[in-house]
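Structural features, examined
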Amino acid sequence: MSPKAPITQDVMTIPRKLPEGKINLVGLTRDQLREVLIEYGTPEKQAKMRTGQIWQWIYQWGVRDFAEMTNLAKAYRAQLDENFVIEIPEVVTRQVSEDGTRKYLCRIAGGHEVEVVYIPEEDRGTLCISSQVGCTLTCSFCHTGTQKLVRNLTAAEIVGQVMMARDDLEEWPVPGAPKDETRLLSNIVLMGMGEPLYNFENVRDAMKIAMDPEGISLSRRRITLSTSGVVPEIARTAEEIGCLLAISFHATTDETRDVLVPINKRWNIEELLQALASYPKASNSERITFEYVMLDGVNDSDEDAHRLIDHIKRHNIPAKINLIPFNEWPGAPYKRSSNNRIRAFANIIYQAGYASPIRKTRGEDIMAACGQLKSATERARKSRKQIEAEAGLQR
Ligand code: SAH
Ligand code: SF4
């Protein structure tokens with residue numbers, strides 16, 4: 001699809017009902033896959049080899065049908081087919097923006113829907129994936145935050161979003177064909193719906209699969225996890241996933257951050273900065289991204305810019321600051337800062353010696369921009385009571 005292509009929307013209904021009782025192999029770690037194969041009759045002595053073979057079929061070649069796994073005996077393939085499936089989320093709608101951004105609405109078990117966004121750029125292609133249906137947190141500028149949490153996604157549903165996009169981009173390699181080094185899907189950001197660190201294990205397992213060299217094989221440096229600041233899980237992210245980190249910072253005083261990013265009431269700015277300062281991978285080549293949404297008259301003053309720099313310097317955090325022009329959504333209680341204000345803010349940060357890119361807004365015409373994701377079936381705004389009850393649960 002060329003970047004200039006007109007907006008299109010096609011509705012696909014691919015009924016992929018799971019036959020009762022079959023186990024989905026997608027999303028299992030290598031160890032789990034091995035265990036399940038043994039449990040269903042693969043001799044223990046062969047299990048390691050079979051795990052490797054099946055793994056490659058699923059994640060390297062994108063195969064979904066056991067019959068195509070030609071290096072396995074026919075009888076064994078039939079046995080696999082009896083017990084297992086290779087199942088990923090089903091695409092319900094796909095919209096293509098005039099700038100080439102693609103937004104998919106995917107259906108997962110239980111009839112829930114999640115959004116996935118593909119953003120093509122000159123030198124890379126980034127897939128923005130979701131980790132939860134909705135979010136338990138209630139950041140006041142975020143559209144997803146107005147949606148009740150429905151559930152955590154499974155590891156299969158998380159890595160399945162990547163597989164779904166590779167299907168759509170027709171990016172699975174063809175056996176025997178020369179290796180094409182330019183990948184359409186080269187980066188993953190966990191910046192869709194949900195707070196990834198409130199679904200840690202599933203996010204970890206899914207990202208480990210995406211990084212596995214015998215499969216999708218994305219480098220850990222091409223995966224960025226964005227968190228609103230779940231402080232106790234930050235060190236664990238470095239240890240157990242090893243990807244890059246982005247922080248939804250958005251405010252420079254606790255007073256303002258308490259309102260914009262209410263998790264701040266649980267772990268405040270100082271605690272967050274301390275956790276970031278000791279993020280083991282934080283070096284100049286792997287800087288932490290501070291995401292900062294520009295809200296008119298709320299967090300966009302020169303004093304804010306100076307305070308932001310002061311926080312980062314005081315803790316000596318290798319950082320870049322990503323300024324995000326606020327993406328307005330119907331009923332949003334904020335306005336986007338003016339371009340001049342954003343530029344002035346960026347300049348203060350730049351003068352202080354930090355990169356301060358202003359995020360280009362992509363896919364606005366299809367509501368695919370950052371923070372606008374929200375599934376069509378879940379439009380109802382939460383009541384204040386619900387918000388308070390859920391906030392209480394998190395603490
Ligand atoms: N829950 C995680 C990841 C998903 S949000 C987190 O909060 O970090 C991805 C990014 O989009 C976050 O930085 C979030 O603060 C930002 N965002 C949310 N709503 C937005 C909006 N309306 N306009 C611009 N950015 C927004
Ligand atoms: Fe949840 Fe992130 Fe939105 Fe906050 S910004 S409500 S943590 S998705």
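Up top you'll find the structure we're talking about.
Rules behind the numbers
- Residues numbered from 1 in each chain as written.
- Chains lettered and ligands numbered in written order.
- Predicted model: local features only at pLDDT ≥ 70, side-chain atom pairs only at ≥ 80, totals over all residues.
- Heavy atoms only, no water.
- Helix = DSSP H or I, 4+ residues; strand = E, 2+ residues; numbered from the N terminus.
- Expected span 1.5 Å × (residues − 1).
- Buried < 20%, exposed > 50% of the residue type's maximum accessible area, 1.4 Å probe, protein only.
- Contact = heavy atoms within 4.5 Å.
- Near = heavy atom within 4 Å.
- Nonpolar A, V, L, I, M, F, W, Y, C, P; charged D, E, K, R; others polar.
- Phe/Tyr/Trp six-rings, centres within 6.5 Å; stacked < 30°, edge-to-face > 60°.
- Lys NZ or Arg CZ within 6 Å of the ring centre and 35° of its normal.
- Core = buried A, V, L, I, M, F, W, Y, C linked by side-chain atoms within 4.5 Å.
- Domains from an automatic or database assignment.
- Polar contact = N/O pair within 3.5 Å; in protein donor to acceptor, adjacent residues only side chain to side chain.
- Areas by Shrake-Rupley, 256 points an atom, 1.4 Å probe, with all protein chains shown as cover.
- Salt bridge = Lys/Arg side-chain N within 4 Å of Asp/Glu carboxyl O.
- Pairing = 2+ DSSP bridges.
- Axes fitted to C-alpha atoms, helices over the stretch in contact; angles between N-to-C directions.
- Parallel < 35°, antiparallel > 145°, perpendicular 65-115°, else oblique.
- Left-handed = near helix turned anticlockwise from the far one by under 90°.
- Patch = residues over 30% accessible without salt bridge, like charges linked within 9 Å, V, L, I, M, F, W, Y side chains within 5 Å.
- Lys, Arg positive; Asp, Glu negative; His and termini not counted.
- Charge placed at Lys NZ, Arg CZ, Asp CG, Glu CD.

**Description of helix H5 (residues 200-211)**
Helical periodicity: at 3.6 residues per turn, an α-helix aligns residues three or four positions apart in one direction. Counted at 1.5 Å a residue, the expected span for H5 with its 12 residues is 16 Å, and the 16 Å between its end C-alpha atoms agrees. Counting buried residues in H5 gives nine out of 12 residues, a clear majority hidden from the surface. For H5, the complete set of buried residues consists of Phe-200, Val-203, Arg-204, Asp-205, Ala-206, Met-207, Ile-209, Ala-210 and Met-211. On its buried side, H5 packs onto helix H2 (44-60), helix H4 (155-168), strand S10 (187-190), strand S11 (223-227) and helix H6 (234-240).

**Focus on the site of ligand 2**
All residues adjacent to ligand 2 are Cys-135, Leu-137, Cys-139, Cys-142, Gly-145, Gly-194 and Ser-228. Here the residues of the shell around ligand 2 sort into four nonpolar, three polar and no charged.

**A word on the packing of aromatic side chains**
Under the defined criterion, the tally for this structure stands at five aromatic pairs. Centre to centre, the rings of Tyr-40 and Phe-84 are 5.4 Å apart; their planes meet at 70°, and the pair counts as edge-to-face. Taken together, the positions of Tyr-40 in the loop between helix H1 (30-39) and H2 and Phe-84 in strand S3 (residues 84-85) put the pair 44 residues apart, joining distant regions of the chain. Residue Tyr-40 is classed as partly exposed on the basis of its relative accessible area, which comes to 30%. Residues Phe-249 and Phe-290 carry aromatic rings whose centres are separated by 5.1 Å and whose planes lie at 65° to one another, so their mutual orientation is edge-to-face. Residue Phe-249 is located in the loop between strand S12 (244-248) and helix H7 (254-260), and its partner Phe-290 is located in strand S13 (residues 288-294); the two are separated by 41 residues in the primary sequence. One Lys or Arg, Arg-50, reaches over the ring of Tyr-76 and ends 5.6 Å from the middle of that ring.

**Side note on the nonpolar core**
Generally speaking, a soluble globular protein has its nonpolar side chains buried in company with each other. In this structure, Phe-141, Met-207 and Phe-290 are the most contacted members of the largest nonpolar core, which totals 105 residues. At eight residues, H4 tops the list of elements feeding residues into this core. Each of two domains, domain 1 (23-85) and domain 2 (90-393), supplies a minimum of three residues to this core. Residues within four places of Met-207 in sequence aside, it is in contact with Ile-129, Ile-158, Ile-188, Leu-190, Ile-223 and Ile-241. Ranked by size, the runner-up nonpolar core spans five residues in total, among them Cys-128, Val-189, Met-191 and Ala-246.

**Observations concerning the site of ligand 1**
Within the structure, ligand 1 sits among 20 residues, and Gly-194, Ser-226, Ser-248, His-250 and Asn-327 are positioned closest to it. Side-chain polar atom of Ser-248 to an oxygen atom of ligand 1: 2.6 Å apart, as the coordinates give it. If ligand 1 stood free it would expose 530 Å²; the protein chains cover 96% of that surface. Mapped onto the shell around ligand 1, the elements with two or more residues apiece are S11 and S13. For the shell around ligand 1, the residue count by class is nine nonpolar, nine polar and two charged.

**Structural notes on the pattern of salt bridges**
Taken as a whole, this structure holds 21 salt bridges when the rule is applied. Ionic pairing is found between Arg-30 and Glu-214, a salt bridge with its closest N-O pair at 3.5 Å. With a gap of 184 residues between them, Arg-30 in helix H1 and Glu-214 in the loop between H5 and S11 connect regions that are remote in the sequence. Judged by its relative accessible area of 28%, Arg-30 falls in the partly exposed class. Salt bridges sharing common partners tie together Glu-201, Arg-204, Asp-205, Glu-233, Arg-236 and Glu-240.

**What about the pairing of strand S5 (residues 102-108)?**
Along S5, six of the seven residues are buried, which leaves the element largely enclosed by surrounding structure. Here six bridges tie strand S4 (residues 90-96) to S5, and the two strands are oriented antiparallel to one another. Bridging across to S5, Gln-95 finds its partner in Lys-103. The pairing of S5 with strand S6 (residues 112-120) spans seven bridges and is antiparallel. In the strand pairing of S6, Tyr-104 is matched with Val-116. Between S5 and S6, which pair antiparallel and follow one another directly, the connecting turn spans three residues, one of which, Gly-110, has a positive phi of 90°.

**Observations concerning the packing of helix H9 (residues 302-314) against helix H10 (residues 339-351)**
For the pair H9 and H10, interaxial distance at closest approach is 9 Å and the crossing angle is 30°. The pairing of H9 with H10 is recorded here as roughly parallel in orientation. Handedness of the crossing formed by H9 with H10: right-handed. Of H10, the residues touching H9 (which contributes Asp-302, Asp-304, Ala-305, His-306, Leu-308 and Ile-309) are Arg-341, Phe-345, Ile-348 and Ile-349. A breakdown of the residues in the contact of H9 with H10 according to their chemical character gives six nonpolar, one polar and three charged.

**Brief notes about the pairing of S6**
Burial of S6 is extensive: seven of the nine residues sit out of reach of the surface. Inspection of the sheet shows S6 paired to strand S7 (residues 125-128) by four bridges, in the antiparallel sense. Bridge pairing in S7 places Tyr-118 opposite Leu-127. Linking S6 back to S7 in an antiparallel pair, the connection comprises four residues.

**Some details on a negative patch on the surface**
Judged by side-chain charge, Asp-65, Glu-68, Asp-81 and Glu-82 come together as a negatively charged surface patch. Inspection of the secondary structure assignment puts Asp-65 in the loop between H2 and helix H3 (74-83).

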